[in-house]
Amino acid sequence: MLVKAPRGTADLLPGQIERWRWVEEVARDVFRQFGYAEIVTPIFEHTELFERGIGDTTDVVNKQMYTFLDRGQRSLTLRPEGTASVVRAYLEHHMYSGPQPVKLFYIGPIFRYERPQAGRYRQFHQLGAEALGSQDPALDVEMIAMSIEIFRRLGLADFLVHINSIGCEVCRPAYKDALRAYLQPKLDGLCRTCFERYEKNPLRILDCKVAACQDAAKGAPRSVDYLCESCREHFDAVQKYLDALGISYELNEMLVRGLDYYTKTVFEVESRSLGAQSALLGGGRYDGLVEECGGPSTPAVGFAAGMERAMLALEEQGIQAPSTRGVDAFVVAFANDKRGQVLALVHQLRQAGLVVETDYLQRSMKAQMKAASRMNAARVIICGEDELSRDVVQLRDMTSGVQEEVPLATLVERLRAELC
Ligand SMILES: [Zn+2]
Ligand SMILES: [Zn+2]
């Protein structure tokens, strides 16, 4: 137990973290260009926020939350998604009273108690964005365009956008009724989860993965046929703007997304070069959530992408992070009374901005040279006792193999000029 991470969690090791940080960096650049500012919220919140915000008919809230009582007997929950926390912060800091829309992005861990399987974790990571305070369909399209731009810059291509409109509080009740009426004769054939969903949340039956439910849902009424005037106009505009940006999309009437708070537009983006099960990200509009959380009526739209899924996609495509800076110099040192002088040199080189390594195992000269070439060090600095007593070192260029004696007084400046 002591040397095994909890089920559904994973370490990010050197060799993996470089690609991870690169994805974050690319995403941050894109977010900034689109005018989104970063927000970092706590990884736990009051349980009620998620129950109220995400909706207590969802699997996420019913079965997957990491909920615990703290020592003060407060019920807290590790965040199972990013949007509710952003909405809470928007309200707590009165961002609704400033200029709108408020455009925010986040990158961080998310926690869900799921059955671990390939590509699924209990602690996973998402990057996402939210635009609060405007009902402009241009923002729905901006979300889609921005999320695609992140993955385009990472080297993925051939995106397909699935869109649907699931209506609003005005038009959805009639659609839910029509859906229930259609599913009623097939009720006994549905899986247990969908049987429970039938009353409160029949839309979720449309995207159930169980074959019997998918059969039952075939030919079901489509939400787009029940849209009210306002939802219709909004959805038409979304499609018009996607066309204008040259983003190809498909209407997918089975797309409903897993969370209760979505209204109007919902979308998912996949990369066709990745094959099946290839959704990279998803999102949608949530015009009722801010009010549901106790704030003023505030339309909003957002998306989230899984970092682990993105990593897998890059790996499948053989896409590497641009290589990071290697070791500039390895300082070969010997354990003797000059060691303090050698360590001072190492420190001075690092202060000058160089990437410097040295020996900590009192290895032989030969073993240290081997270590230096294993690290691909550009230079090796040999600090023999004799050299140091004359205030010089041996400097070896590992590419050309040329070795020369260099005065300590000029070493730092010279390496900085050559390597920085
Ligand atoms: Zn509507
Ligand atoms: Zn089902």
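Residues numbered from 1 in each chain as written. Chains lettered and ligands numbered in written order. Predicted model: local features only at pLDDT ≥ 70, side-chain atom pairs only at ≥ 80, totals over all residues.

Trainee: What am I meant to see in the overall build of the protein here?
Mentor: Helix and strand content of the protein: 15 helices and 16 strands. Relative to the 2.2 N^0.38 estimate, which gives 22 Å for 420 residues, the radius of gyration of the protein is 28 Å and therefore markedly larger than a compact globule would have. C-alpha extents for the protein along the principal axes are approximately 95 × 50 × 45 Å. Of all 420 residues assigned to the protein, the portion counted as buried reaches 36%. Summarising the internal contacts of the protein: among those between residues at least 6 apart in sequence, 70% fall at separations of at least 24. (Helix = DSSP H or I, 4+ residues; strand = E, 2+ residues; numbered from the N terminus. Rg over C-alpha atoms; globule rule 2.2 N^0.38 Å. Buried ≥ 20, exposed ≤ 12 C-beta atoms within 10 Å, placed from the backbone. Contact = placed C-beta atoms within 7 Å.)

Trainee: What should I look at first to understand helix α2 (residues 47-54) in this one?
Mentor: In an α-helix, one full turn covers 3.6 residues, which means residues spaced three or four apart are oriented alike. Inspection of α2 places F50, G53 and I54 among the buried residues, and these make up the whole buried set. In an axial view of α2, the angular spread of the buried residues amounts to 80 degrees, which keeps them on one side of the axis. One or two steps after α2, the chain reaches G55, where phi turns positive at roughly 105 degrees. (Arc of directions from axis to C-beta.)

Trainee: What exactly am I supposed to notice about the sheet that holds strand β7 (residues 159-165) here?
Mentor: Strand pairs in the sheet, formed through backbone hydrogen bonds, run parallel or antiparallel to each other. Strand order in the open sheet formed by eight strands is β1-β5-β6-β11-β10-β9-β7-β8, with mixed pairing between adjacent strands. Each edge of the open sheet carries a strand with a single partner, namely β1 (37-38) and β8 (249-251). Here two bridges tie β1 to strand β5 (residues 102-111), and the two strands are oriented parallel to one another. Paired with E38 across the strands is F105, a residue of β5. (Pairing = 2+ DSSP bridges.)

Trainee: Where do I start with unusual backbone geometry in this structure?
Mentor: Most peptide bonds are trans, and most residues other than glycine sit at a negative phi. For the bond from Q100 to P101, the omega torsion is -5 degrees, close enough to zero to count as cis. If you trace the backbone, P101 turns up in the loop between α4 (83-92) and β5. For Q73, which is not a glycine, the phi torsion comes out positive at approximately 65 degrees. Counting through the fold element by element, Q73 comes out in the loop between β3 (66-69) and β4 (75-78).

Trainee: Hey, could you run me through the nonpolar core in this one?
Mentor: Side chains that are nonpolar tend, in soluble globular proteins, to be buried together. Residues L104, A129 and M143 are the most contacted members of the largest nonpolar core, which totals 74 residues. Here this core takes eight residues from helix α5 (residues 137-153), the largest share from any one element. Once residues lying within four places of it in the same chain are set aside, the contact partners of M143 are A129, A131, G283, V301, G302 and F303. Counting residues in each nonpolar core, the second largest holds 20 residues, with A333, V356, A372 and V393 among its members. (Core = buried A, V, L, I, M, F, W, Y, C linked by C-beta atoms within 7 Å.)

Trainee: Would you mind going over the packing of α2 against α4 with me for this structure?
Mentor: For any two helices packed against each other, the geometry is given by the interaxial angle and the distance between the axes. One can describe the packing of α2 onto α4 by two numbers: an axis separation of 10 Å at closest approach and a directional angle of 105 degrees. It follows from the interaxial angle that α2 and α4 lie roughly perpendicular. Taking contact as the criterion, the partners of L49, F50, G53 and I54 in α2 are, on α4, A84, V87 and R88. Tallied by class, the residues present in the contact of α2 with α4 amount to five nonpolar, one polar and one charged. (Axes fitted to C-alpha atoms, helices over the stretch in contact; angles between N-to-C directions. Parallel < 35°, antiparallel > 145°, perpendicular 65-115°, else oblique. Nonpolar A, V, L, I, M, F, W, Y, C, P; charged D, E, K, R; others polar.)

Trainee: Explain the pairing of β3 here, please?
Mentor: Regular strands show a simple pattern: their side chains alternate between the two faces of the sheet. For β3 and β4, the ladder comprises four bridges, and the chain directions are antiparallel. Residue pairing across strands places T67 opposite T77, the latter belonging to β4. Connecting β3 to the next strand, β4, in antiparallel fashion are five residues, including Q73 with a positive phi near 65 degrees.

Trainee: It is not clear to me how the pairing of strand β15 (residues 392-397) should be interpreted in this structure. Could you clarify?
Mentor: With four bridges joining them, strand β14 (residues 379-382) and β15 adopt antiparallel strand pairing. Residue pairing for β15: R379 is matched across the bridge by D397. Relative to strand β16 (residues 403-407), β15 runs antiparallel, the two being bridged by five bridges. In the strand pairing of β16, R396 is matched with Q403. Between β15 and β16, which pair antiparallel in sequence order, lie five residues; one of them, G401, sits at a positive phi of approximately 80 degrees.

Trainee: Teacher, can you tell me more about the domain arrangement of the protein here?
Mentor: Frequently, the measure chosen for interface size is the accessible area that the parts lose on association. In terms of domains, the protein is made up of domain 1 (17-171 + 227-316) and domain 2 (329-419). Centre-to-centre separation of domain 1 and domain 2, based on C-alpha positions: 50 Å. (Domains from an automatic or database assignment.)

Trainee: Which parts of the structure should I look at to understand the sheet that holds β4?
Mentor: With respect to topology, three strands assemble into an open sheet ordered β2-β4-β3, the strand pairing being antiparallel. Edge positions in the open sheet fall to β2 (44-46) and β3, since each of these has one partner strand only. Going across the sheet, the axis of each strand differs from the next one's by a mean of 35 degrees, ignoring polarity. Strand direction decides the pairing type here: β2 and β4, joined by three bridges, are antiparallel. Across the sheet, residue E45 finds its bridge partner in β4, namely T77. In this fold α2 packs onto β2, β3 and β4, with an angle of close to 80 degrees to the strand it touches most, β2.

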